Amino acid sequence: MAINILLVDDSAVMRRLVKKTLKLSGVPIGRIAEAGNGQEALDILEKETFDLACLDVNMPVMNGAELLKNMRKKEETKDLPVIVVSTDNSPARVAQMSALGAPVVAKPFTPETLVDAFVSAIGG
Amino acid sequence: MTTPMLTQEELMNVATSVLEDLCFALVDEESDEDDFPVEATALVRFSGPRDGRLLIRTRGDVAGALVRDMMGEDEEVGDDDRRDGLGEIANVLCGNIVAQFGPVDSAFDLEAPRVGIGDAFPSDASPEVCATVCVDEGMIEIELSSGGAPVS
């Protein structure tokens, strides 16, 4: 079954890099929607459903931590598997995200690290 | 007295690691040339347990080469990609730098990177630590400053 993904990062180049890494990995990827900040992501989540969300943390308008808190409050997204792909993998940030049920993949990432996190998040 | 954020050696090590892992760049401490013109600057402010800013200044034809290497040879890299990619490189570098500041009980917040062509953002008059790393296409000057120095 193909996995539908919401990809949230304010860098278009990083979104392309994550998409390319996933497509080359052999993981069955379906639809990929993209958002440049947390608010755009929430707007998309109002209309569409996904199997997994991949979030950056530091973004303008609404950061990834606020986005994730909002997602966990909503019935439709409270259980959505999420991985955080961020430059910030400090213990404090990892603990914050872990409390919200999201593992952190540090940038720069290797393809193996990213793909392993995706597979683990979707229960593969 | 405030503990220094990083030593120059630590800053060099973080920059080298990030550029090698993110852009597959071959990084050196010295270059055969030293008169590369300024290409672009990128600035990232951070706040949290420590406040400050990271400024990177590329000289030569670095931004396009790093972004091309990051994306892979089969990807087209336009002007917007160069700008966005350089900002992301600065962002990743800054995130990896603040992670070196030692045990802290709250996370750092990084502002969205600002990128300008040429010497768009001035150097801090007294940066806390500076480093220069060289790649095939030019060099990258890195300045790490504490506090909230104004940016024009």
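Small disclaimer: the values here were computed from a predicted structure and weren't measured. (Residues numbered from 1 in each chain as written. Chains lettered and ligands numbered in written order. Predicted model: local features only at pLDDT ≥ 70, side-chain atom pairs only at ≥ 80, totals over all residues. Heavy atoms only, no water.)

Asks: Where do I start with the side chain of Thr21 of chain A in this structure?
Replies: Tracing the backbone shows Thr21 of chain A in helix α1 (residues 12–25). Excluding anything up to four places from it in sequence, Thr21 of chain A contacts Phe109, Pro111, Leu114 and Val115 of chain A. (Helix = DSSP H or I, 4+ residues; strand = E, 2+ residues; numbered from the N terminus. Contact = heavy atoms within 4.5 Å.)

Asks: Sorry if this is basic, but what is going on with the state of the cysteines here?
Replies: Working definition of a disulfide: a covalent bond connecting the sulfur atoms of two cysteines. Using the criterion set out here, one finds zero disulfides over all chains in the structure. Summary of cysteine pairing: Cys130 of chain B is not part of a disulfide, and the nearest cysteine sulfur, belonging to Cys134 of chain B, is at 14 Å. (Disulfide = S-S within 2.5 Å.)

Asks: I would appreciate a short explanation of helix α2 (residues 38–47) of chain A in the present structure.
Replies: Since the α-helix packs 3.6 residues into each turn, any two residues three or four apart lie on the same face. All names here are of chain A. Turning to α2, its buried residues number three or more, namely Gly38, Ala41, Leu42, Ile44 and Leu45. For α2, the buried positions fall inside an angular range of 165° around the axis, keeping them on one side. Pointing more than 90 degrees away from the buried face of α2 are the exposed residues Glu46 and Lys47. Residues of α2 that are buried make contact with β1 (3–8), β2 (29–35) and α3 (64–73). The N-cap residue of α2 is Asn37: its side-chain oxygen and the backbone nitrogen of Gln39 are 2.9 Å apart. (Buried < 20%, exposed > 50% of the residue type's maximum accessible area, 1.4 Å probe, protein only. Arc of directions from axis to C-beta. Polar contact = N/O pair within 3.5 Å; in protein donor to acceptor, adjacent residues only side chain to side chain.)

Asks: When you look at the interface of chain B and chain A in this model, what are you seeing that I'm missing?
Replies: The parts lose accessible area when they come together, and the size of an interface is often stated as this lost area. The interface is formed by 28 residues belonging to chain B together with 20 residues belonging to chain A. When the two sides are added together, the surface that chain B and chain A hide from each other amounts to roughly 1,900 Å², 55% of it contributed by carbon and sulfur. The largest per-residue losses of area from chain B upon contact with chain A belong to Met71, Asp84 and Glu88 of chain B, which jointly make up 26% of the total buried on that side. There are six salt bridges connecting chain B and chain A. For the pair chain B and chain A, the interface holds 13 residue pairs in polar contact (both at pLDDT 80 or more). Put simply, the parts of the chain that give the side of chain B that touches chain A at least two residues each are α1 (8–23), α2 (62–71), α3 (79–98) and β3 (109–110) of chain B. It is α3 of chain B that contributes the most residues to the side of chain B that touches chain A, eight residues altogether. (Buried area = accessible area lost by both parts, 1.4 Å probe. Salt bridge = Lys/Arg side-chain N within 4 Å of Asp/Glu carboxyl O.)

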